[in-house]
Amino acid sequence: MTDSYFLAGRFGAATRLSPKALRLYAEQGLLVPAHIDPVTGYRYYAAEQAGRARLIARLRQLGLPIARIARLIELQPEVRLTELRAWLEVQTKRLEEQSELVEAIVRQSTGGDDALIKAVRLRDVAPSKIVYRQGHVTVDALEAFTESAEAEIRSYLAQCGKSNDGPMTLHFHEPVNHDGKGLVEVAIGYAGSLEPAGDLRLRLQPAGREAFLPVPEAFETFPAVLRIYDAIEAWFEQGSDLDCFGSPYEIYPGSDGARFDVAYPIEPENPIPQGIPRPRPRKCLIEAIPQATSHLR
């Protein structure tokens, strides 16, 4: 071979790719040797393949899977740059979420945010009829589902001659995250009689009580909103004789001028005989609170 071709070992040293990596990329079709000696089996790479090899190596350093690298290296440089910047934004957001979850664990271990815990309030909830739509969604699909369900419910109420300007409640019945779908529910109250239609269902919401916090503007978006959920859960655990009864929800619009409230239903009063320890409140679905908590309105 001429000087414009290099044995795999020399080519790997020049491009900082190990023999194992070169074999893998050859098998995957990412970086195929320019020539393989039929007698010796030696693999030769052309000098002009060095740029592609270094690009693959850097993309692998980002932790990207082989399949995605295979697509990226075939793109025009400006298109590839756009995709990589979008990928980096997603990774940065995920890191911010993970950082806040670590902070949430610390708050839980140290007793939480005293000022927010002291601000938790109770209120009575009147019985109501609600029309709702449920769905299993990931974090990325939550905003679209919520907006679609709310619009569908309000449109149906208007078609049936009902008032459709009541508050909207977003329930988190199961954890919603990036890795799996969880059950959520969008609900709006109504008066009179109504029939279910399509994906819309009806139920009677009994009277009860809830612990809640109006969400200050500084805490409206994820991950800051986790502090509101943490505060209410700490309130149950630290100083309250009440228990959480069910999954948390957000109410739009909120009270006191807040864009939304975070609320937890209170367990119905059921005296426990003296001498029997009260059960710890159910740990509500803090994992359910997604990055898109600022999605609505």
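What counts, and at which threshold
Residues numbered from 1 in each chain as written. Predicted model: local features only at pLDDT ≥ 70, side-chain atom pairs only at ≥ 80, totals over all residues. Heavy atoms only, no water. Helix = DSSP H or I, 4+ residues; strand = E, 2+ residues; numbered from the N terminus. Contact = heavy atoms within 4.5 Å. Areas by Shrake-Rupley, 256 points an atom, 1.4 Å probe, with all protein chains shown as cover. Axes fitted to C-alpha atoms, helices over the stretch in contact; angles between N-to-C directions. Parallel < 35°, antiparallel > 145°, perpendicular 65-115°, else oblique. Left-handed = near helix turned anticlockwise from the far one by under 90°. Nonpolar A, V, L, I, M, F, W, Y, C, P; charged D, E, K, R; others polar. Pairing = 2+ DSSP bridges. Buried < 20%, exposed > 50% of the residue type's maximum accessible area, 1.4 Å probe, protein only. Arc of directions from axis to C-beta. Expected span 1.5 Å × (residues − 1). Phe/Tyr/Trp six-rings, centres within 6.5 Å; stacked < 30°, edge-to-face > 60°. Lys NZ or Arg CZ within 6 Å of the ring centre and 35° of its normal. Salt bridge = Lys/Arg side-chain N within 4 Å of Asp/Glu carboxyl O.

J.: I would appreciate a short explanation of the overall build of the chain in the present structure.
T.: Tallying secondary structure elements over the chain gives eight helices and eleven strands in all. Across the chain, contacts joining residues at least 24 apart in sequence account for 68% of those joining residues at least 6 apart. Counting only carbon and sulfur atoms, one obtains 53% of the accessible surface of the chain, whose full area is about 16,600 Å².

J.: How should the packing of helix 1 (residues 8–15) against helix 3 (residues 50–61) be read in this particular structure?
T.: Two packed helices can be described by the angle between their axes and the distance between those axes. Where helix 1 meets helix 3, the closest approach of the two axes is 9 Å, and the angle between their N-to-C directions is 60°. In terms of orientation, helix 1 lies oblique with respect to helix 3. Judged by the sense of rotation from one axis to the other, the crossing of helix 1 with helix 3 is right-handed. Along the contact surface, helix 1 presents F11, A14 and T15, while helix 3 presents A50, A53 and R54. Of the residues in the contact of helix 1 with helix 3, the class split is four nonpolar, one polar and one charged.

J.: How should the sheet that holds strand 5 (residues 128–137) be read in this particular structure?
T.: Two pairing modes exist for strands in a sheet, parallel and antiparallel, and in both the strands are linked by backbone hydrogen bonds. Across the sheet, which stays open at both edges, the eight strands sit in the order 4-9-11-10-6-7-5-8 with antiparallel pairing between neighbours. One side of each edge strand has no neighbouring strand; the edge strands of this open sheet are strand 4 (121–125) and strand 8 (201–205). Recorded for the sheet is a direction-independent mean angle of 35° between the axes of neighbouring strands. As judged from the nine bridges shared by strand 5 and strand 7 (residues 182–190), these two strands associate in the antiparallel manner. The residue bridging Y132 from the neighbouring strand is A187, located in strand 7.

J.: Where do I start with the pairing of strand 10 (residues 249–252) in this structure?
T.: Put simply, side chains in a regular strand alternate between the two faces of the sheet. Of the two faces of strand 10, both are covered, the one formed by Y249 and I251 as well as the one formed by E250 and Y252. Pairing of strand 6 (residues 168–172) with strand 10 involves four bridges; the strand directions are antiparallel. From the neighbouring strand, H171 faces strand 10, where its bridge partner is Y249. Looking at chain direction, strand 10 and strand 11 (residues 261–265) are connected through three bridges and run antiparallel. Within strand 11, the position partnered with I251 by the bridge is D261.

J.: Would you take a moment to explain helix 1 for this structure?
T.: Along an α-helix, a turn takes 3.6 residues, which lines up residues three or four apart on a common side. All of the buried residues in helix 1 are A8, F11, G12 and T15. All buried residues of helix 1 lie within an arc of 100° about the axis, which places them on one face of the element. Residues of helix 1 that are exposed and point more than 90 degrees away from the buried face comprise G9, R10 and A13. At its buried positions, helix 1 is contacted by strand 1 (5–7), helix 2 (19–27), strand 3 (43–46) and helix 3. Trailing helix 1 by a residue or two, R16 shows a phi angle of about 60°, which is positive.

J.: Explain helix 3 to me, please; I cannot follow it from the model alone.
T.: With twelve residues, helix 3 extends 17 Å from end C-alpha to end C-alpha; this agrees with the ideal 16 Å at 1.5 Å per step. Residues A50, A53, I56, A57 and L59 constitute the buried set of helix 3. Positioned one or two residues after helix 3, G63 has a phi angle of 85°, which is positive.

J.: Looking at this structure, how should I read the packing of aromatic side chains?
T.: Each aromatic ring pair is summarised here by two numbers: the centre-to-centre distance and the angle between the ring planes. Here the structure, examined in full by the defined rule, presents five aromatic pairs. Taken together, the ring pairs in this structure connect Y229, W235, F236 and Y264 into an aromatic cluster. The ring of F212 carries R123 above its face, with NZ or CZ at 3.6 Å from the centroid. Its guanidinium or amino end placed over the ring of Y132, R203 lies 4.6 Å from that ring's centre, counting from NZ or CZ.

J.: Is there a simple way to think about the pattern of salt bridges in this case?
T.: Per the stated rule, a full pass over the model turns up nine salt bridges. R123 serves as the salt-bridge partner of D261, at 3.1 Å between the closest nitrogen and oxygen. A residue pair is termed long-range when its members are at least 10 positions apart, and D261 in strand 11 and R123 in strand 4 qualify at 138 residues. A residue is classified by how much of its surface remains accessible, and R123, at 23% relative accessible area, is partly exposed.

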